[in-house]
Amino acid sequence: MAEIITENLCHTYSAGTPFEQTAVRDVSLRIPQGQFAAVIGHTGSGKSTFIQHLNALLQPTSGRVLLDGQDINRDKYARRDVKWKVGLVFQYPEYQLFEETVYRDIAFGPTNMRLGKEEIDERVREAAAFTGVEEALFDRSPLELSGGQKRRIAIAGVIAMRPEVLILDEPTAGLDPAGCAQILDNIRNYREKTGATVLIVSHSMDDVARIAGRIIVFDKGRVAMDGTPEEVFSRARELSLIGLSIPKAAQLACALRDRNIPLPEGIFTHERLLEALLAVREGRTC
Amino acid sequence: MLKDITLGQYFPGNTVVHRLDPRTKILLVVVYIVALFQARGWVGYGLVTLVTLLCTALSKIKLRSMFKGVKPMLFIIALTALLNIFYTAGTPVRPGWIITWEGIARAVQMMLRIVLLISGTFLLTYTTSPIALTDGLELLLNPLKKLRAPVHEMTMMMSMALRFIPTLISETDKIMSAQKARGADFETGSLTRRAKALLPILVPLFVSAFKRADELAVAMESRCYHGGEGRTRMKQLRLERRDLIALILGGLFLAGMFVLKGFGL
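Note that this is a predicted model, so its numbers are computed, not measured.

Draft legend 1. How the structure looks around the pattern of salt bridges. All names here are of chain A. Applying the stated criterion to the full structure yields 22 salt bridges over all chains. Across the salt bridge formed by arginine 30 and glutamate 3, the nearest N and O atoms sit 2.6 Å from each other. Separated by 27 residues along the polypeptide, arginine 30 in strand S2 (residues 21–31) and glutamate 3 in the segment before strand S1 (4–13) bring together distant segments of the chain. Relative accessible area serves as the criterion here: at 47%, arginine 30 is assigned to the partly exposed category. With a relative accessible area of 17%, glutamate 3 lands in the buried category. Note that aspartate 219 is salt-bridged to lysine 220, the shortest N-O span being 3.7 Å.

Draft legend 2. Structural detail: the packing of aromatic side chains. All names here are of chain B. Inspection of the entire model under this criterion finds nine aromatic pairs over all chains. A centroid spacing of 6.3 Å and a plane angle of 40° characterise the contact between phenylalanine 206 and phenylalanine 210, whose relative ring orientation is tilted. Of the two residues, phenylalanine 206 and phenylalanine 210 both sit in helix H10 (residues 199–222), four residues apart, roughly one turn of that helix. Among the residues examined, phenylalanine 206 registers a relative accessible area of 48% and is labelled partly exposed. Taking the relative accessible area as the measure of exposure, phenylalanine 210 reaches 59% and is therefore exposed. Taken together, the aromatic side chains of Phe11, Phe122 and Tyr126 make up a single cluster linked through ring pairs.

Draft legend 3. Looking closely at the packing of helix H6 (residues 147–159) of chain A against helix H7 (residues 177–194) of chain A. All names here are of chain A. Running from N to C, H6 and H7 point in directions that differ by 15°, and their axes come no closer than 11 Å. Relative to H7, the element H6 lies roughly parallel. In this structure, H6 crosses over H7, and the sense of that crossing is right-handed. The residues of H7 that touch H6, namely those facing Arg151, Arg152, Ile155 and Ile159, are Gln182, Ile183, Asn186 and Tyr190. Within the contact of H6 with H7, the residues separate by chemical class into four nonpolar, two polar and two charged.

Draft legend 4. Local environment of the domain arrangement of chain A. Residue and element names in this part refer to chain A. Each domain of chain A was delimited in the assignment, giving domain 1 (4–229) and domain 2 (247–286). For domain 1 versus domain 2, the distance between C-alpha centres works out to 34 Å. Contact with domain 1, which involves five residues of that partner, is made by seven residues of domain 2. Taken as a group, Asp206, Ala209 and Arg210 account for 77% of the area that domain 1 buries against domain 2, more than any other trio of residues on that side. On inspection of domain 1 and its partner domain 2, the count reaches two salt bridges. Joining domain 1 to domain 2, the criterion identifies one residue pair in polar contact (both at pLDDT 80 or more). At four residues, the largest contribution of residues to the side of domain 1 that touches domain 2 is made by helix H8 (residues 205–211). In terms of residue class, the side of domain 1 that touches domain 2 is made up of three nonpolar, no polar and two charged.

Rules behind the numbers
- Per chain, residues are indexed from 1 in the order of the written sequence.
- Think of it this way: whatever chain is written first is A, whatever ligand is written first is 1, and the rest follow in order.
- pLDDT decides what is reported in this predicted model: residues at 70 or higher carry local features, side-chain atom pairs at 80 or more are listed and counted, and totals for whole chains, interfaces and linings draw on all residues regardless.
- Hydrogens and waters are ignored; side-chain quantities use all the structure's heavy atoms.
- Between Lys or Arg on one side and Asp or Glu on the other, a salt bridge is scored when a side-chain nitrogen of the former is within 4 Å of a carboxyl oxygen of the latter.
- Going along the chain from the N terminus, every DSSP run of H or I of four or more residues is numbered as a helix, and every run of E of two or more is numbered as a strand.
- Accessibility here uses a 1.4 Å probe with only protein chains present; expressed as a share of the type maximum, an area under 20% marks a residue as buried, one over 50% as exposed, and anything in between as partly exposed.
- Pairing of aromatic rings covers Phe, Tyr and Trp, the last through its six-membered ring, and needs centres within 6.5 Å; plane angles under 30 degrees mean stacked, over 60 mean edge-to-face, and all others mean tilted.
- Fitting a line to C-alpha atoms yields each axis, with helices limited to the stretch in contact; the angle taken between N-to-C directions then spans 0 to 180 degrees.
- Each angle receives one of four descriptions, namely roughly parallel if under 35 degrees, roughly antiparallel if over 145, roughly perpendicular if within 65 to 115, and oblique otherwise.
- Handedness of a crossing follows from how the near helix is turned relative to the far one, being left-handed for an anticlockwise turn of less than a right angle and right-handed for a clockwise one.
- Residue contacts are counted whenever heavy atoms from the two residues lie within 4.5 Å of one another.
- Any residue that is not Ala, Val, Leu, Ile, Met, Phe, Trp, Tyr, Cys, Pro, Asp, Glu, Lys or Arg is counted as polar, Gly included; the first ten are nonpolar and the last four charged.
- Domain boundaries shown here were taken from an automatic or database domain assignment.
- Once two parts are joined, some of their accessible surface, as seen by a 1.4 Å probe, is lost; buried area is that loss totalled over both.
- Pairs of N or O atoms within 3.5 Å make up the polar contacts considered here, provided that, within protein, one atom can donate a hydrogen while the other can accept it, and that residues adjacent in sequence are counted only when both atoms are side-chain atoms.

The following block contains the structure:
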């Protein structure tokens, strides 16, 4: 069980100074167990602030966050324990690596949980396997590895806590396409094997279209849209008003439809587009 | 929590005080400090307090934010007051007591002096952006260049340091959050435990600070920065009429304080 509910969540930074800024306004959401949801929005739309509430790193100015029906901010201990249950991977997580070896860095979370040595070892190896970190790297210094490897080690550091909810802030930012695909695969794999709830923050529509079952669009601190990819991407005009666009494949499908190529609705990944185009060609030649 | 540090914070605004030339403001703060130390009696302190309040009102800085700057010094202020109460000779409040009326007066004046000193200097940093401040400082120290003092290099370093304080603070904040998300605990435990707990923050912070410094050096070089020789400014500082008026008022204030000192007030 790991269901997250937010009730009228609001957050204001630097309240009472000239720099006062409300980042999240009245957000009420329910993210059920096992869901793969994506939060998208423009820079400064409040999405990063929002997710930091979900593991009690930030306390709401008003409103509540419930995990399995219990307020995660009810006391100091609840605030600490929620961090094991809700794993948060920050943007550019490779900047948080600090240990001398890869192994010890991945073990940092489980060690903080005061687990036994064998348990830690098991979890480190499991997390490394999930993220495709080879055991040969365990004794190397994390600082001398490549960007993509560092990113995967940092994500493994969170996965090693076996969170029931995994939240990732822009996990693919600044990676090459191969690195992106690999990380998204790792995340999908983790969810399928453990049944965890996954929440991914992104501004890349192409990534989101491929993996998420639900899309939550943030704009100016509010939830502007919430639905399946089909529902959200069918509102292309509204999305463009917020400064977001539909996936490239969907754009192309749209343009082709305008040229009287009979493509079905609901295409937003390259794979689907290719399939549909092949079907159209075969239909014509037949 | 780290965002609460007000030291050297700048509150943007568009008042007369904000518009004054940074050189004028730096000079006025020097004048103000000299004047403050001329105060001998209640009249003198009263005048300085009045001038401080007037300047604060003119710059539209809230008294609350002023107090925030004084807060970290409260311990020192209290200590000074306490020492003055007990170590000033004079007529005892009650026969047999060490506390004297003179001591109490001294303590209040000393407290006032420290608070005013802090408020005056904070008024400068609250109303002047760090860049303007270092620019003003460089121009004021220009004569020292004749003595081969590396004025430009020093002020450049200062403005860079100032520029990167907020960046480093937000970076620290981010790293702290990331480590907290992995269950790091910075608030409880023995002193050695807590010192050890800083490692997960300091290592990434240093790594990124060095990287940033490297990138900054490359960025500066690729824009042909080669030191202060023959360098011109995008924004030339010019003294206006209001600067002249401010300086004259400052001079009058200082003269007034000297006169009051002459009378022992």
